[in-house]
Amino acid sequence: MPHYKVLIVDDSKTVHTELKSILSEINFESEDLEIEQAYGYEDFRKIFVPEKYALVMTDLVMEKDDSGIEVINHIRHICNDSRTRIVLMTANPEKIPPDLLTRDYDINAYIDKNKTSDFMTKLTVISMLKTYKDICSLEKAMTSLEKIVKEAPEMNLSELLINAFFQIRTFLSLRDSKLNITSEIFVNGERIFPPKNIRVENHYLPNQYNYKINIKHNAVKFSLYTSRDLKAFESAYVNSLLKNIESAFVQKEGFDVEDEFVLMISKLVEARSEETGEHVNRVSEIAKFLAQLSGHSSRDVKLIHGAAALHDIGKVGIPDYILNKPAKLDDKEFAIMKEHTLIGFELLRNSSLKIFQTGAVIALEHHERWDGTGYPYGLEGEQITLESRIVQIADVFEALTQDRCYRPAWPLEKAIEYMNDMKGKQFDPWLIELFNKHLREFVQIVQDKQDEEAN
């Protein structure tokens, strides 16, 4: 069965025929797409199942001028389905409600039927499927960690380690369906998986990775055999998941997620972005120092340091052509980009782990402004959490001092001038005062991280 299902919602049989023909030429992850059809909002309601589809492509004007908006509202707000990607299609762009771009509908792309080509339609669909795959991978990574934290104290060691392998295999397969992966697991030199009576033949898989941890005085060796080299963040996922197993057994209560795991999750976004891979590291370090200066406890400083890395996690749901556009975004593109705050919040908010709960709030609020002119909700002053105000300053200062796909880095003096010009407008005045008092240290953090990246 195909993994990727696409639902076309349009009242025109001609459009259905044309789109089916275009989509039938797409082969994604070595599979053809499975296409289903609905001929209006009411027809859509009868067949739609939340999180069944990778992509819904809906017309705007059907039974009514805003039937497409009803489709989107049903997916996002009635069914609370934030995973499915949505493309809004229209031959009548003038009928798009003027305030649509400011509503939190999480529309992921637009197609103007009068201007698009078959090629651009294919590119849009493929981009949507990529973001869907990355969202599924991110959710799986978080679920794996939560499962281990919850079940580690109750499960015996062998059971937990075997379960961890299947979690790892599922995650890596989501990232790459062509990847073959097997494992051998040893505890104190004795193989527990596969069972001793089963002969293991891994010679057909050319790559071997060995991970070692100690759990309650037991030496664990976790060997993976793969059909290709693992990417850095894939190996980091395995390593950090195993480290969290180690920590969960020891701590049981007050469990702290390893920073490496949080950074690995953030790399899922940066793997798609052309921005520097060290962005989240620098933002986290700046936020950590500012949190210390603002009087947070050492435990809360550690929490902010980790959660800050998740501030842009919602960009996992933003298509590549917007994420890496080497020019200013137009209004529709910027409206889609702004949705990353809501996407990040939705991805993280239901976690039982404190670091993800804090990350959810930071992801939602880090583009709000002190004067109330930010997004997504126009929060003002201390309505914005202190953690989010801290990360916003770290995020903006880091961004200004680095090259981006749409502009070169600003000179340091200009970046500092901007931070002060935005005091009381974009930024919390008190935090900017702390920033100015310790400016030399903040600049040093950025420069130190740049040196590390260069080496």
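Up top you'll find the structure we're talking about.
Within every chain, residues take consecutive numbers counted from 1 along the sequence as written. In keeping with the predicted nature of the model, local features appear solely for residues at pLDDT of at least 70, side-chain atom pairs appear and are counted solely at 80 or more, and the whole-chain, interface and lining totals rest on all residues. The side-chain quantities take in all heavy atoms of the structure and omit both hydrogens and water.

Trainee: Break down the overall build of the protein chain for me, with residues and values.
Mentor: Here a helix means four or more residues in a row that DSSP labels H or I, a strand means two or more in a row labelled E, and each is numbered from the N terminus. For the protein chain, the helix and strand inventory stands at 17 helices and eleven strands. Oriented by its inertia axes, the alpha-carbon framework of the protein chain measures out at about 65 × 65 × 40 Å. Buried, partly exposed and exposed residues are distinguished by accessible area as a fraction of the type maximum, computed with a 1.4 Å probe on protein chains only: under 20%, between the cut-offs, and over 50%, respectively. Counting the 455 residues in the protein chain, one finds 53% classified as buried. Just so you have it, the protein chain exposes about 20300 Å², and 48% of that area is on carbon and sulfur atoms. When charges are counted, Lys and Arg are positive and Asp and Glu negative, with His and the chain ends excluded. The atom standing in for a charge is NZ when the residue is Lys, CZ when it is Arg, CG when it is Asp and CD when it is Glu. With 56 positive and 74 negative side-chain charges, the protein chain shows a separation of 3 Å between the mean positions of the two kinds. The accessible surface values rely on the Shrake-Rupley method and a 1.4 Å probe; as for residues, cover is taken only from the protein chains in view.

Trainee: Describe helix α3 (residues 67-78), with residues and values.
Mentor: Within α3 the residues assigned to the buried category are S67, G68, I69, V71, I72, H74, I75 and R76. In this analysis, two residues are considered to be in contact whenever any of their non-hydrogen atoms come within 4.5 Å of each other. Considering only its buried residues, α3 is in contact with β1 (5-9), α2 (41-47), β5 (55-59) and β6 (85-90).

Trainee: Go over the packing of aromatic side chains with me, naming the residues and quoting the values.
Mentor: Any two rings among Phe, Tyr and Trp, with Trp reduced to its six-membered ring, count as a pair given centres within 6.5 Å; such a pair is stacked if its planes are under 30 degrees apart, edge-to-face if over 60, and tilted if neither. A full pass over the atoms with the stated rule returns 14 aromatic pairs. Plain terms: the ring middles of Y4 and Y132 are 6.2 Å apart, the flat faces sit at 75° to each other, and that makes the pair edge-to-face. On the criterion of sequence distance, the pair formed by Y4 in the segment before β1 and Y132 in helix α4 (residues 118-151) is long-range, its members being 128 residues apart. For the residue pair Y4 and Y132, the accessibility class agrees, reading buried in each case.

Trainee: Which residues make up the environment of F44, and what values go with them?
Mentor: Assignment of secondary structure puts F44 in helix α2. A relative accessible area of 0% means that F44 is categorised as buried. Residues F44 and I8 lie 36 residues apart in sequence; the distance between their C-alpha atoms is 9.0 Å. Leave out the neighbours within four places in its chain, and F44 touches L7, V9, A38, V71, H74 and I75.

Trainee: Please set out the pattern of salt bridges residue by residue, giving values where relevant.
Mentor: When a carboxyl oxygen of Asp or Glu lies within 4 Å of a side-chain nitrogen of Lys or Arg, that pair is called a salt bridge. Counting across every chain of the model gives 20 salt bridges. A salt bridge links E42 to R45, with the shortest nitrogen-to-oxygen separation between them at 3.8 Å. Placement of the pair is E42 and R45 together in helix α2, with a separation of three residues, close to one helical turn. Classification of E42 as partly exposed rests on a relative accessible area of 41%.

Trainee: Requested: an account of the side chain of S67, with residues and values cited.
Mentor: On the secondary structure map, S67 appears in helix α3. Classification of S67 as buried rests on a relative accessible area of 1%. Side chain to side chain, S67 and E63 meet in a polar contact 3.1 Å long. If we ignore the near neighbours within four places in the chain, the residues touching S67 are Y41, L60 and M62. Between N or O atoms, a polar contact is any pair within 3.5 Å; within protein, one atom must be a potential hydrogen donor and the other a potential acceptor, and residues adjacent in sequence are included only when both atoms are from side chains.

Trainee: If you had to explain the sheet that holds strand β11 (residues 218-226) to someone new, which residues and values would you point to?
Mentor: Picture the strands of a sheet paired through backbone hydrogen bonds; they go either parallel or antiparallel. The rule for pairing is simple: two strands pair if DSSP sees at least two bridges between them. In spatial order, the strands read β9-β8-β11-β10; together these four strands make up an open sheet with antiparallel pairing. Because the sheet does not close on itself, it has two edges, and the strands there are β9 (190-193) and β10 (207-215). Between one strand and the next, the sheet's axes are offset by a mean angle of 25°, whatever the strand orientation. As paired elements, β10 and β11 share nine bridges and run antiparallel to each other. In the strand pairing of β11, Y211 is matched with F222. The strands touched by helix α5 (residues 157-175) are β8 (181-187), β9, β10 and β11; relative to β8, the strand with the most contacts, the crossing angle is about 160°. All axes here are fitted lines through C-alpha atoms, helices being fitted over the stretch that makes contact, and every angle between N-to-C directions spans 0 to 180 degrees.

Trainee: Account for the nonpolar core, naming residues and giving values.
Mentor: Side chains that are nonpolar tend, in soluble globular proteins, to be buried together. Working definition of a nonpolar core: buried Ala, Val, Leu, Ile, Met, Phe, Trp, Tyr and Cys residues. They are joined through side-chain atoms within 4.5 Å. Counting residues in each nonpolar core, the largest one holds 110 residues, and the members touching the most others are I265 and F356. A per-element tally of this core places α5 first, with eight residues. Excluding its chain neighbours within four sequence positions, the residues that come into contact with F356 are M142, L145, F261, I265, L310, L348 and S351. Counting 21 residues, the second largest nonpolar core, distinct from the first, contains V6, V15, V125 and C136.

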